[in-house]
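Report on the structure
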Amino acid sequence: MKFRTLLRHFRESFKNIGRNGWMTFASVSAVTVTLTLVGVFLVLMMNLNHIAGNVEKDVEVRAHIDNAANDDDIKAIGKKITEMSGIETVIFSPKDEELTNLIDDLGDNGDAFKPFEQDNPLRDVYIIKTKSPQDVIKVAKKIEGFEYIQSVKYGQGYVEKLFSFVNIARNIGIVLIVGLLFTAMFLISNTIKITIVARRKEIEIMRLVGATNNFIRWPFFLEGLWLGILGSIVPIGLISVLYYNIYKYVAPQITFKFIDFLPASPFIYQISAILIVIGAVIGIWGSLMSVRKFLKV
Amino acid sequence: MIEMIDVKKTYPNGVIAINGLNVKIKPGEFVYVVGPSGAGKSTFIKMMYREEKPTSGNILVNGVSLPSIRNSKVPLFRRNIGMVFQDFKLLQTFTVYENVAFAMEVIEKEPEEIKKRVMEVLDLVGIKHKARMLPSELSGGEQQRVAIARSIVNDPKVVIADEPTGNLDPETSWEIMNIFEEINNRGTTLVMATHNRDIVNNIKRRVIAIESGKIVRDEHRGDYGYEI
Ligand SMILES: Nc1ncnc2c1ncn2[C@@H]1O[C@H](COP(=O)(O)OP(=O)(O)O)[C@@H](O)[C@H]1O
Ligand SMILES: [Mg+2]
């Protein structure tokens, strides 16, 4: 294809947007409606996922070391843990520090533990974070088997429930988004089906005057792209403004530990990019699907 | 130029539209195809521009054997023939100019050449002053002029027309026929299916009469030969 033909296709695709007046309007509206739904869901899902991540990130393994271990033993254990796969950080917390933390955490009631400063009943502890939070159970089980480890704690029982809850939530999210995308495709393809019947004659005539299938397809492809992009403008604007305001005014009111929102920047840009790409893809897909029927291959 | 050899066409519903047809049309000829309604004229024409494939037999147009070209190559073949229809087949959302220019854009001509040539043919068919109008703003005769302009814009060797005056009043029909004569005088082969008795009897040319899918008459300077 010559470059000027490509230019011609671009010019033609813009003209078609105007030429097809209400059909353009119908297709753009369909894209707008579906992208708004997809967008709202994406915002919810991505934030939920973020919160789930926060909760997961808080999960850690605490390995209590037997008092019988000497300094070299403790170092050896630390080395062994660090060398395990999937470990993010290993922090050593001596029992004195543990006690100070405990007393601080308890505030006024902490004073009751003051007498123990002379005879600390706590143990030295390794605090371990794994790269993937869901690995803690595996890591904890392994460390349990090490020498001089008195006990390993990671919130047994609670953590398993948390993970299965998070996993279910994520899967439901994925299913919902995929379902929504299919609904979007269905809605768009139906809209296009209606609009395209009117253009069936147009395609027939083009073939009659010697246009190859690719020559016919190009402007449709570009037109679909523009329709998709046009259709994503309103959802992007709407979601950006809403999210920005929620992030600025509502989010600071929520002080519950794990609940925070993804920062408006770059999140708004990311979601906009995602929406524009989805819009473009369904626009192009719909447009090409609709010509396909009338191009005798 | 155009040759049909033992051509038969049976439609999927079982109707035999063309039933053993042989014909040869030489370069520069002007041929009327006449016959009663349902005789197979349109099928005969459609097979020439590969809208329909013969069920058996062979068709050669410009040296190309039509039954053997692939569907995807059909548009390429059609670039060498002009086509005119009873219902004009103009792109409704394209202006007069754009309709004609489209046939040249398809073969990737240069924009300057397109502009020049399109205005030239629009002038030839006498519709230049309405170049910016949409087909819906034109009369039937004017739309047919645009269709004819489009059919000849790439200088095809053959122009095929199926009842080009079928939707036009007598006076307009004559104007259209003048344009066709002019095109034929410039050396373009013309094949035209028609019901128009006056035209066939007054502009005397070769007449091929088809009945029940067979050629029943083929005369050098023939008459229409049917009442109405
Ligand atoms: N697409 C088609 N499918 C089935 N039958 C057809 C089709 N086109 C034409 N026919 C039949 O073929 C016969 C010839 O039709 P046609 O070539 O249109 O004749 P004419 O143009 O001379 O009136 C008619 O009986 C018509 O009903
Ligand atoms: Mg007919």
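Residues numbered from 1 in each chain as written. Chains lettered and ligands numbered in written order. Predicted model: local features only at pLDDT ≥ 70, side-chain atom pairs only at ≥ 80, totals over all residues. Heavy atoms only, no water.

1. Looking at the site of ligand 1
Residues and elements named next belong to chain B. By nearness alone, every residue bordering ligand 1 is listed as Tyr11, Asn13, Val15, Ala17, Pro36, Ser37, Gly38, Ala39, Gly40, Lys41, Ser42 and Thr43. Separating an oxygen atom of ligand 1 from a backbone N or O atom of Gly40 is a distance of 3.0 Å. Ser42 places a polar side-chain atom, nitrogen or oxygen, 2.7 Å from an oxygen atom of ligand 1. Burial of ligand 1 by the protein chains amounts to 65% of its free accessible area of 560 Å². (Near = heavy atom within 4 Å. Polar contact = N/O pair within 3.5 Å; in protein donor to acceptor, adjacent residues only side chain to side chain. Areas by Shrake-Rupley, 256 points an atom, 1.4 Å probe, with all protein chains shown as cover.)

2. Details of the pattern of salt bridges
By the definition in use, this model includes 24 salt bridges over all chains. Note that Glu12(A) and Arg19(A) form a salt bridge whose closest N and O atoms lie 2.7 Å from each other. Among the residues examined, Arg19(A) registers a relative accessible area of 17% and is labelled buried. Put simply, Arg206(B) and Glu29(B) hold a salt bridge, and the shortest N to O gap is 3.0 Å. Placement of the pair is Arg206(B) in strand S9 (residues 206-211) and Glu29(B) in the loop between strand S2 (16-25) and strand S3 (30-34), with a sequence separation of 177 residues. When its relative accessible area of 16% is taken as the criterion, Glu29(B) is described as buried. (Salt bridge = Lys/Arg side-chain N within 4 Å of Asp/Glu carboxyl O. Buried < 20%, exposed > 50% of the residue type's maximum accessible area, 1.4 Å probe, protein only. Helix = DSSP H or I, 4+ residues; strand = E, 2+ residues; numbered from the N terminus.)

3. Thoughts on the sheet that holds strand S10 (residues 214-219) of chain B
Residues and elements named next belong to chain B. On the basis of which strands lie adjacent, the open sheet formed by 6 strands has the order S6-S7-S8-S3-S9-S10 and mixed pairing. Every other strand in the sheet has two partners, leaving strand S6 (81-85) and S10 as the edge strands with one partner each. Looking at each pair of strands side by side, their axes are set apart by 15° on average, direction ignored. When S6 meets strand S7 (residues 158-162), the two strands line up parallel, connected through 5 bridges. Counted as the bridge partner of Val84 is Ala161 from S7. Most of the contacts of helix H1 (residues 41-48) go to S7, to which it runs at about 150°, and overall it touches S3, S6, S7, strand S8 (189-193) and S9. Across the face of the sheet, helix H5 (residues 140-152) comes into contact with S6 and S7 while running at roughly 165° to S6. (Pairing = 2+ DSSP bridges. Axes fitted to C-alpha atoms, helices over the stretch in contact; angles between N-to-C directions. Contact = heavy atoms within 4.5 Å.)

4. What about the packing of helix H2 (residues 21-57) of chain A against helix H7 (residues 213-250) of chain A?
Residue and element names in this part refer to chain A. Closest axis-to-axis distance for the H2/H7 pair is 7 Å, and the angle between their directions is 40°. Judged by the angle between their axes, H2 and H7 are oblique. Both H2 and H7 take part in a crossing whose hand is right-handed. Packed against H2, whose contacting residues are Thr24, Ser27, Val28, Val31, Thr32, Leu35, Thr36, Gly39, Val40, Val43 and Asn47, the element H7 presents Leu227, Gly228, Leu230, Gly231, Ser232, Val234, Pro235, Leu238, Ile239 and Tyr243 at the interface. By residue class, the composition of the contact of H2 with H7 is 12 nonpolar, 9 polar and no charged. (Parallel < 35°, antiparallel > 145°, perpendicular 65-115°, else oblique. Left-handed = near helix turned anticlockwise from the far one by under 90°. Nonpolar A, V, L, I, M, F, W, Y, C, P; charged D, E, K, R; others polar.)

5. So, the domain arrangement of chain A
The assigned domain composition of chain A is domain 1 (3-55 + 162-294) and domain 2 (60-154). Taken over C-alpha atoms, the centre of domain 1 of chain A sits 50 Å from the centre of domain 2 of chain A. (Domains from an automatic or database assignment.)

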